[in-house]
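Observations on chain architecture
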Amino acid sequence: MSLKRKVHDFVCHTGRYPNKKLGQNFLIDANILPKIVSEAGVESVDLVVEIGAGLGFLTSEIVQIAEKTVAIEVDSYLCDTLHEQFSKIPNFTLIEEDVLQLNLSNLFLDYDRKNVKIIGNLPYYASTPIMWKLLEYNQHIGSCLLMFQKEVARRIVASPGSKDYGALSIGIDYYAKAEIVLHLSPNQFYPVPKVSSSLVKLTLRPQPKVLVKDEVLFFQLIRSAFQFRRKMLRNAIGNGCVSLDMKQMDRVFTTLKIDSDRRGETLYISEFAEIANTFTEITN
Ligand code: SAM
């Protein structure tokens, strides 16, 4: 039976239409499912946590390979069908919860971080907060393969100098190496969304990419630089949320030999780290 037909059957049996608010756009291209699991690099020794398991189309592929599968799904109707399909499978656990409210630490206890893999065809409305939550577990998670709206995916992987480069690209680069592994068209989902999607693989760094003495200041600087992205660095930071006077700022730029006329979008993460660390030294 086609996956689209399975969605229709679910609607007929339960009277429940896919819930827009919960971002229920199910993957209905059967050919893409094994590709997704393969891009995630799932192996027989792995724990896979699937976020937003839906009707279990991806879950069916994951349970065939992973040692242990944990499916998280917030919609109780979908949980009923997941339970029916998978409850007899050894090492399968279903958690009926909002992933954003869940403490994930206990899930990872018995596994080495390299064998902990997250897969999620995420709801668009919450894809970025879910990703930030996962990055907090960098000591426990090896990699995440997550679906995003195409434009968001481009911003995640963008390099300095490109129009998509911004606070999101740098924030993620701090915690993980990001790459787009697949682009998907709206027709591969049902109901058909208005946007295209991309699958992003995040390989989490056990330690942040750069050494930063004051993380709060580091992220404030980045936000300021991109809040006013057409302004030169000196003015953008001065107008932003960092409370430093212009003299101190000029000292920092002179010490680092960074041209304060540059725009934030040209700076590498290492340069933002140097600026933040020099600010910290000067002001302490
Ligand atoms: N994995 C399925 C697939 O690929 O066909 C469904 C993907 S659908 C885009 C997103 C799923 O995430 C839906 O089943 C939705 O109910 C679920 N979801 C939405 N918000 C959630 C949340 N905060 N926590 C857990 N699951 C959520």
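Note: the structure precedes this text.
Notes on the structure in this doc start here.

The rules we used
Residues numbered from 1 in each chain as written. Predicted model: local features only at pLDDT ≥ 70, side-chain atom pairs only at ≥ 80, totals over all residues. Heavy atoms only, no water. Near = heavy atom within 4 Å. Polar contact = N/O pair within 3.5 Å; in protein donor to acceptor, adjacent residues only side chain to side chain. 1 Å grid on protein atoms, 1.4 Å probe; cavity = no way out; pocket = protein on both sides within 12 Å on 5 of 7 lines; lining within 4 Å. Sits in = over half its atoms within 2 Å of the grid points. Nonpolar A, V, L, I, M, F, W, Y, C, P; charged D, E, K, R; others polar. Phe/Tyr/Trp six-rings, centres within 6.5 Å; stacked < 30°, edge-to-face > 60°. Helix = DSSP H or I, 4+ residues; strand = E, 2+ residues; numbered from the N terminus. Buried < 20%, exposed > 50% of the residue type's maximum accessible area, 1.4 Å probe, protein only. Points joined across faces, edges and corners; volume = space filled by probe spheres on them. Patch = residues over 30% accessible without salt bridge, like charges linked within 9 Å, V, L, I, M, F, W, Y side chains within 5 Å. Areas by Shrake-Rupley, 256 points an atom, 1.4 Å probe, with all protein chains shown as cover. Salt bridge = Lys/Arg side-chain N within 4 Å of Asp/Glu carboxyl O. Lys, Arg positive; Asp, Glu negative; His and termini not counted. Charge placed at Lys NZ, Arg CZ, Asp CG, Glu CD.

**A short note on the site of the ligand**
Around the ligand, 21 residues are found, and the nearest of them are Gly52, Glu73, Asp98, Asn121 and Tyr125. For the ligand, an oxygen atom lies 2.9 Å from a polar atom in the side chain of Gln24. Note that a nitrogen atom of the ligand is positioned 3.0 Å from one of the backbone N or O atoms of Val99. The cavity that encloses the ligand is the largest pocket. Counted by class, the shell around the ligand contains 10 nonpolar, six polar and five charged residues.

**Points about the packing of aromatic side chains**
Following the criterion strictly, the structure yields nine aromatic pairs and no others. Where Tyr165 meets Phe226, the ring centres are 5.8 Å apart and the plane angle is 85°; that geometry is what we call edge-to-face. With Tyr165 in the loop between α6 (150–157) and α7 (167–175) and Phe226 in helix α8 (residues 215–227), the pair connects residues that are 61 residues apart, well separated along the chain. Across the pair, exposure class does not vary: Tyr165 and Phe226 are buried alike. Residues Tyr174 and Phe218 carry aromatic rings whose centres are separated by 5.2 Å and whose planes lie at 40° to one another, so their mutual orientation is tilted. Of this pair, Tyr174 sits in helix α7 while Phe218 is found in helix α8, placing the two residues 44 residues apart along the sequence. You can call Tyr174 buried: its relative accessible area is 1%. Feature note: the residues Trp132, Tyr174, Tyr175, Phe218 and Phe219 constitute an aromatic cluster, connected by ring pairs.

**A look at the layout of surface pockets**
Taken as a whole, the largest pocket spans an internal volume of roughly 410 Å³. Forming the walls of the largest pocket are 30 residues, and the residues nearest its centre are Gly52, Ala53, Glu73, Asn121 and Pro123. Of all elements in the fold, only β1 (26–27), β2 (47–51), α3 (57–65) and β3 (68–73) reach the threshold of two or more residues within the lining of the largest pocket. For the lining of the largest pocket, the residue count by class is 19 nonpolar, seven polar and four charged.

**A short note on a negative patch on the surface**
A cluster of acidic residues, Asp80, Glu84, Glu96 and Glu97, forms a negative patch at the surface. Inspection of the secondary structure puts Glu96 in strand β4 (residues 92–96).

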